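# Examination of the molecular architecture
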Amino acid sequence: MALARQAVALRFLRGSPLLPLAHPSLGAAAAAAAAAPATSSVTGTGAGGASSSSSSSNLFFGAAARGAASQRPPKSASLKRSKVAETGGGADGSKEDEAPVRYGPLDIDLQPRDQLRPLLPTWNPPPTSPPKLDQLEVGLRLRFLLEDRWWAATVKEVEDERVKVGYDGWPSKHDEWVTKASERMYLHESHHPDYVAPPVPKRYQPNNTPTDGRGNPLPARAPRPRVYDPEKERLKRALRPPLPFNPEKERLKRELRGQYVPPVMDQQQQQQPLQSQVQTEQPQQQQQQQQ
């Protein structure tokens with residue numbers, strides 16, 4: 001649109017309002033289509049000239065649009081495919097039968113190597129048979145059909161004519177009631193004679209380490225006795241920060257060593273010697289002052 005406005009402005013500046021100018025990017029065909037009808041309308045004047053100018057501008061805009069459309073890039077192949085898919089047929093009108101993309105395992109693995117594989121849904125039915133009426137009991141593992149996939153499930157409740165099936169790993173709001181003769185139920189692959197259960201993870205394996213009488217685990221090997229090094233102990237003591245003196249602790253240490261320990265005195269007993277010492281010092285000071 002801006003390009004067309006520039007072309008109209010250039011026409012009026014050059015003094016030929018009826019001569020349409022085509023931009024070089026529109027191609028020679030657009031320029032010829034725009035100039036051909038404009039030459040026949042140059043003779044018009046007054047109202048006729050105004051009408052001829054409007055007609056020439058319309059012709060110019062139409063030619064510009066046709067030239068721009070002729071230079072558009074071709075549509076991508078993906079858009080063509082989506083258009084064909086919407087119409088439901090190809091170029092010859094026949095429907096394209098493309099197999100849907102299926103994510104996840106297609107068949108049951110009778111020798112899984114991890115604990116997750118027996119819980120994944122599969123596209124193909126398991127290599128087992130539907131359960132018999134006498135086999136339907138609480139806790140029976142199944143493969144349950146839902147939306148073209150066989151999900152791992154378990155029987156939760158059993159009634160006279162129907163059973164309640166719960167999907168393994170899913171909340172109970174997804175449980176379903178089906179009849180006992182439903183064709184959506186197949187026995188789980190764990191009931192197959194060739195099924196080999198996956199190994200139990202190490203964190204769930206039983207701990208066979210020996211224990212003592214109290215149940216404490218015994219060490220794997222006997223502890224090595226430490227060799228006493230007096231020089232090392234001296235350096236360790238020297239590097240330790242000094243601790244504040246604790247008389248009670250020192251008294252207990254002397255008792256444990258079998259050394260003499262002075263008797264513990266109360267605060268009153270500790271203050272009596274101080275008072276007697278003060279009383280003896282005061283008369284001596286008075287005598288000295290009198291002399």
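For the structure, see preceding data.
Everything quoted here is computed from the prediction, not taken from an experiment.

Conventions adopted
- The residue numbers shown here count from 1 along each chain, following its written sequence.
- With the structure being a predicted model, the display of local features is reserved for residues of pLDDT at least 70 and the display and counting of side-chain atom pairs for 80 or more, all residues being used for whole-chain, interface and lining totals.
- Excluded from the side-chain calculations are hydrogens and water; all other atoms, namely the structure's heavy atoms, are used.
- Helix and strand definitions follow DSSP, with helices as H or I runs of at least four residues and strands as E runs of at least two, each counted in order from the N terminus.
- Think of it in three bands: with a 1.4 Å probe and only protein chains considered, a residue is buried below 20% of the maximum accessible area for its type, exposed above 50%, and partly exposed in between.
- By definition, residues are in contact when any of their heavy atoms lie within 4.5 Å.
- Note on areas: Shrake-Rupley, 1.4 Å probe, and residue coverage restricted to the protein chains presented here.
- Take the buried residues of types Ala, Val, Leu, Ile, Met, Phe, Trp, Tyr and Cys, join any two whose side-chain atoms come within 4.5 Å, and each joined set is a nonpolar core.
- Here a polar contact is recorded for every N or O atom pair within 3.5 Å, except that within protein the pair must consist of a potential hydrogen donor and a potential acceptor, and residues adjacent in sequence are included only if both atoms are side-chain atoms.
- A strand pair is defined by DSSP finding two or more bridges across the two strands.
- Helix axes use the C-alpha atoms of the stretch in contact, all axes being lines fitted to C-alpha atoms, and the angles between their N-to-C directions lie in the range 0 to 180 degrees.
- Salt bridges are counted wherever a side-chain nitrogen of Lys or Arg sits within 4 Å of a carboxyl oxygen of Asp or Glu.
- Stacked, edge-to-face and tilted labels apply to pairs of Phe, Tyr and Trp rings (six-membered ring for Trp) whose centres lie within 6.5 Å, assigned for plane angles under 30 degrees, over 60, and everything in between, in that order.

### Examining the overall build of the protein
Regarding its fold elements, the protein presents seven helices and five strands. Relative to its 291 residues, the protein shows a buried fraction of 21%. Sequence separation of 24 or more characterises 44% of the internal contacts of the protein that already satisfy a separation of 6 or more. Accessible surface, the protein: about 23,000 Å² in total, of which carbon and sulfur atoms supply 54%.

### Quick look at the nonpolar core
As a rule of thumb, soluble globular proteins bury nonpolar side chains together. Residues Leu 140, Leu 142, Phe 144, Val 163, Val 165, Val 178 and Met 185 are the most contacted members of the largest nonpolar core, which totals 13 residues. When residues of this core are traced back to their parent elements, those giving at least two are strand 1 (141–146), strand 2 (149–158), strand 3 (162–167) and strand 5 (185–187). Residue contacts for Met 185: discarding those within four places in its chain leaves Pro 130, Pro 131, Leu 136, Leu 142, Arg 143, Phe 144, Val 163, Val 165, Val 178, Thr 179 and Lys 180.

### Some details on unusual backbone geometry
The residue Glu 147 is not glycine, and still its phi comes out positive at about 55°. Mapping Glu 147 onto the fold places it in the loop between strand 1 and strand 2. One non-glycine residue with positive phi stands out, namely Asp 148, at about 65°. For Asp 148, the position within the fold is in the loop between strand 1 and strand 2.

### Examining the side chain of Thr 122
Mapped onto the fold, Thr 122 is located in the loop between helix 4 (77–87) and strand 1. You can call Thr 122 buried: its relative accessible area is 2%. Only 3.2 Å separates the side chain of Thr 122 from the backbone oxygen of Asn 124, close enough to count as a polar contact. For Thr 122, the residues in contact, after removing those within four places along its chain, are Pro 105, Leu 106, Asp 107, Ile 108, Arg 143, Arg 149 and Trp 150.

### Notes on the sheet that holds strand 3
Pairing in this open sheet of five strands is antiparallel, and the strands run 4-3-2-1-5 from one edge to the other. Of all strands in the sheet, those bounded by a partner on one side alone are strand 4 (176–179) and strand 5. Across the sheet, the mean angle separating the axes of adjacent strands is 45° when strand polarity is ignored. Note: strand 2 against strand 3, five bridges, orientation antiparallel. Across the sheet, Val 158 pairs through a bridge with Val 163, a residue of strand 3.

### Remarks on the pattern of salt bridges
Taken as a whole, this structure holds twelve salt bridges when the rule is applied. Across the pair Asp 175 and Lys 156 runs a salt bridge, and its minimum N-O distance is 3.2 Å. Residue Asp 175 is found in the loop between strand 3 and strand 4, and its partner Lys 156 is found in strand 2; the two are separated by 19 residues along the sequence. When the shortest N-O distance is used, the salt bridge between Glu 255 and Arg 251 registers 2.6 Å.

### Quick look at the environment of Asn 124
Here Asn 124 shows up in the loop between helix 4 and strand 1. Taking relative accessible area as the criterion, Asn 124 reaches 25% and is therefore assigned partly exposed. With 21 residues separating them in the primary sequence, Asn 124 and Leu 145 have C-alpha atoms 9.9 Å apart. With residues up to four places along the chain from it excluded, the contact list for Asn 124 reads Arg 102, Leu 106, Asp 107 and Trp 150. Side chain to side chain, Asn 124 and Asp 107 meet in a polar contact 2.4 Å long.

### Description of the packing of aromatic side chains
The relative placement of two aromatic rings is captured by the distance of their centres and the angle of their planes. The tally for this structure, following the rule as stated, stands at four aromatic pairs. On the basis of an interplanar angle of 75° and a centroid distance of 5.8 Å, the ring pair of Phe 144 and Tyr 167 is categorised as edge-to-face. Of this pair, Phe 144 sits in strand 1 while Tyr 167 is found in strand 3, placing the two residues 23 residues apart along the sequence. The class for Tyr 167 is buried, based on a relative accessible area of 7%.

### Considerations on the pairing of strand 2
Examined bridge by bridge, strand 1 and strand 2 share six bridges and lie antiparallel to one another. Paired with Leu 146 across the two strands is Arg 149, which belongs to strand 2. Counted between consecutive antiparallel strands, the loop separating strand 1 from strand 2 contains two residues, among which Glu 147 sits at a positive phi close to 55°.

### Focus: the environment of Thr 179
The residue Thr 179 is located in strand 4 in this model. Through-space distance from the C-alpha of Thr 179 to that of Arg 162 is 4.1 Å; in sequence the pair is 17 residues apart. Among all residues touching Thr 179, those that are not within four sequence positions of it are Glu 161, Arg 162 and Met 185.

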